[in-house]
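# Descriptive structure summary
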Amino acid sequence: MDGVSAFDEPLKKLLGGATAKVMAEHLDLHTVGDLLHHYPRRYEERGRLTALSDLPLDEHVTVVAQVADARVLTFNGGRGRRLEVTLTDGHGRLQLVFFGHGVHKPHKELLPGRRAMFAGKVSVFNRKMQLAHPTYQLLDAEGAEGAGDSEAVDAFAGRLLPIYPACKQIDSWRIAKAVDTVLPRAGEAVDPLPPGLREGRGLTALPEALQKVHRPRTKADIAEARDRLKWDEAFVLQVALARRRYADTQLPAAPRRPVPDGLLDAFDARLPFTLTEGQRKVSAEIFDDLATDHPMHRLLQGEVGSGKTMVALRAMLGVVDAGGQAAMLAPTEVLAQQHHRSVTEMMGDLAEGGLLGGSEQGTKVVLLTGSMGAAARRQALLDLVTGEAGIVIGTHALIEDKVKFHDLGLVVVDEQHRFGVEQRDALRSKGKQPPHLLVMTATPIPRTVAMTVFGDLETSVLDQLPAGRSPIASHVVPAKDKPHFLTRAWDRVREEVEGGHQAYVVCPRIGDDAEDEAAGKKAKRKTAEDEGEKRPPLAVLEIAEQLAKGPLAGLRVEVLHGRMNPEDKDDVMRRFAAGEVDVLVATTVIEVGVNVPNATAMVIMDADRFGVSQLHQLRGRVGRGSAPGLCLLVSEAHEASPARARLSAVAATLDGFELSRIDLEQRREGDVLGQAQSGVRSSLRMLAVIDDEEVIAAAREEAVAIVAADPDLSGLPELRTALDALLDKEREQYLDKG
């Protein structure tokens, strides 16, 4: 059997239908190769106990521990029974609970002194960490039932226990058993690394690395296997990206050079301020790219407020000067309208080309969104096809078939991670030749992630804030432990408004009928066993009502959320920008691009329900004018919880790159490529994007050299096979989405 087919063999042939089905549905593992690449997350030493004190909340964990005590309690007047078991590891303690009919077997087996592996989801109930209804496997011979279990115990005796990324439907030890079944196939692995590279770097052969990662005898085995498997991932990924960059350099594009004394020069002459050093440097990089005859692919990273829009607008004006058109794609209508407003304001009469009173060097700037009226839409489409409009700003409505351009030269994508590659390609196909592409993001991305996730784009970074931006003070408000802090937070909002400023209050949920109905269905599926169930996240509509009647009575409080119709949304934003609204209670629709310099305070409710980068983005909405900003992170999270640690990190620094590192370390590297459930595989299983900078950088160099010498990899069939397997077409596209 050749290596490819051994690894492509479906799991159901070897493991039986039921196990294979669970693995496919819940862990996305379908073939022998998938399972062999599902590596242990960590290893337990049989003689040592897990630290129970630092278990992550809301995650599915596997622990090895000893039973300290077990007792059955009754509730509901004796009708309900609950078994509570306390585990210990000599330092921390962890409670297990079993209900109803599930009490009988564990009550018999989990006797004080017994050791076992337990798997379940960590929750907090009555301020104690607990696992409700965990599955378990006893690790001492007298507790093992039947030969199967005693074999399992023998197999684990005196050995490093692999703990696999698991899920509720299948525990780590059942995955370990399945791995035992397929491990003999590891010998047939096809090695993707060119022999010269493998020997040059002293890396273990692939079959041996797979054997050692799953069934290590020593810690050295694990280290050796990991070094090798990290290289595979980094290298295959970088080859894929190098091939994309190479393919892009082969595409033709029309060079776009600004003309002297044209639109760009006229615009620069009117600027009331000078560009920062960073803006000048990045603009030069962009104009160099635009002047070449293959398409620019550049990622422009910059903190909120670092002046990315100005840099993008100058690039767009340069392309219009050169006879082309530029399109700017925004992820939401609110943002598209906002960009359109700020671009036309910055350009003044230069944005009124062909109109009475417009400048002769000017051009038309049109807006195109899905909710526009028919007449306005027809006019916008006409201006694009005739070339009358040099600049168009819109949502993905720009990508529809009906939209035709006269000569599309540049596409600017705002907040790339909201757009798929299919959409990027659809826009690309609207040019006579592929247009140049500039992607902007305000989410700071560490260098290694940029090399991995946006590896097909050249990167420019704007890292200084323009003069005149104010500092933002951030504080955590522990609403549960210290309710008077929350009272003080509303007093602060009132003080800001009385000082002539405005404020945002952000909530995770809308709280309208459509949303409540979905939540109600979910709640029905919950049972009495979920005693520790958290309350639903706070909602915009409820909080707005409470504030208007209570702590902020007398202030002009309005709401903004994604389910409002577009005219109402735009109306609220316009009135807020005009200072006719004091406090805007909103969902994260305000996260990107909303620019109201007079807004100085932001209160984020249930702040622990947002990610680090998202909190940083939200916070960037205040302090945009000359007055200092204030951001209050309200949370009921327990002081010792990871959620609170996250919030404290956000409060402690305004450096987005530092925060993105913290974010990555906390979310685990798999999520960087999109899938945010822990344990679900992404194409990076072994590589820790944040720690393995050297491996990634070295792999990138090797990949570039190999692709330059042999773009089709015709001399490296094994590498081609690995590329096809790891990056099936869909995965290759998916990488692009960031």
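Read on for an overview of the structure. (Residues numbered from 1 in each chain as written. Predicted model: local features only at pLDDT ≥ 70, side-chain atom pairs only at ≥ 80, totals over all residues. Heavy atoms only, no water.)

Before going further, it helps to examine the side chain of K569. Along the chain, the position of K569 falls in helix α21 (residues 566-577). For the buried K569, no salt bridge exists, and the shortest N-O distance to an oppositely charged side chain is 6.3 Å, to E333. Beyond its immediate chain neighbours, meaning those up to four positions away, K569 contacts V334, L560, H561, G562 and M564. (Helix = DSSP H or I, 4+ residues; strand = E, 2+ residues; numbered from the N terminus. Buried < 20%, exposed > 50% of the residue type's maximum accessible area, 1.4 Å probe, protein only. Lys, Arg positive; Asp, Glu negative; His and termini not counted. Salt bridge = Lys/Arg side-chain N within 4 Å of Asp/Glu carboxyl O. Contact = heavy atoms within 4.5 Å.)

Membership of the largest hydrophobic core comes to 35 residues, with the highest contact counts inside it found for M347, I391 and L410. Every element with two or more residues in this core is listed here: α11 (263-270), α12 (277-290), α13 (308-321), β10 (325-329), α14 (333-347), β12 (389-394), β13 (408-414) and β14 (436-441). Among the elements that make up this core, the one with the highest residue count is α13 (9 residues). When near neighbours in sequence (up to four residues on either side) are disregarded, L410 contacts L290, M296, A315, M316, V319, Q325, A326, A327, P435, H436, L437 and L438. (Core = buried A, V, L, I, M, F, W, Y, C linked by side-chain atoms within 4.5 Å.)

With that out of the way, let us pick up the pattern of salt bridges. Note that side chains of opposite charge can pair when their charged atoms are close. Scanning all chains against the criterion turns up 35 salt bridges. The shortest N-O distance in the salt bridge between R256 and D407 comes to 3.1 Å. In this pair, R256 sits in the loop between α10 (219-250) and α11 while D407 sits in the loop between β12 and β13, placing the two residues 151 residues apart along the sequence. Judged on exposure class, the residue R256 and its partner D407 are both buried. Among the salt bridges present, the one from E285 reaches R298, with a minimum N-O distance of 3.6 Å.

On to the side chain of H616. With respect to the helices, strands and loops of the structure, H616 is situated in helix α22 (residues 612-619). A polar contact is formed between the side chain of H616 and the side chain of R619, at a distance of 3.1 Å. (Polar contact = N/O pair within 3.5 Å; in protein donor to acceptor, adjacent residues only side chain to side chain.)

As enumerated under the stated definition, the model contains 4 aromatic pairs in all. A ring pair is formed by F118 and Y136, whose centres lie 6.1 Å apart and whose planes are at 40°; its orientation type is tilted. On the criterion of sequence distance, the pair formed by F118 in strand β5 (residues 115-125) and Y136 in strand β7 (residues 135-138) is long-range, its members being 18 residues apart. With a relative accessible area of 17%, Y136 lands in the buried category. Pairwise contacts between aromatic rings join F98, F118 and Y136 into one cluster. (Phe/Tyr/Trp six-rings, centres within 6.5 Å; stacked < 30°, edge-to-face > 60°.)

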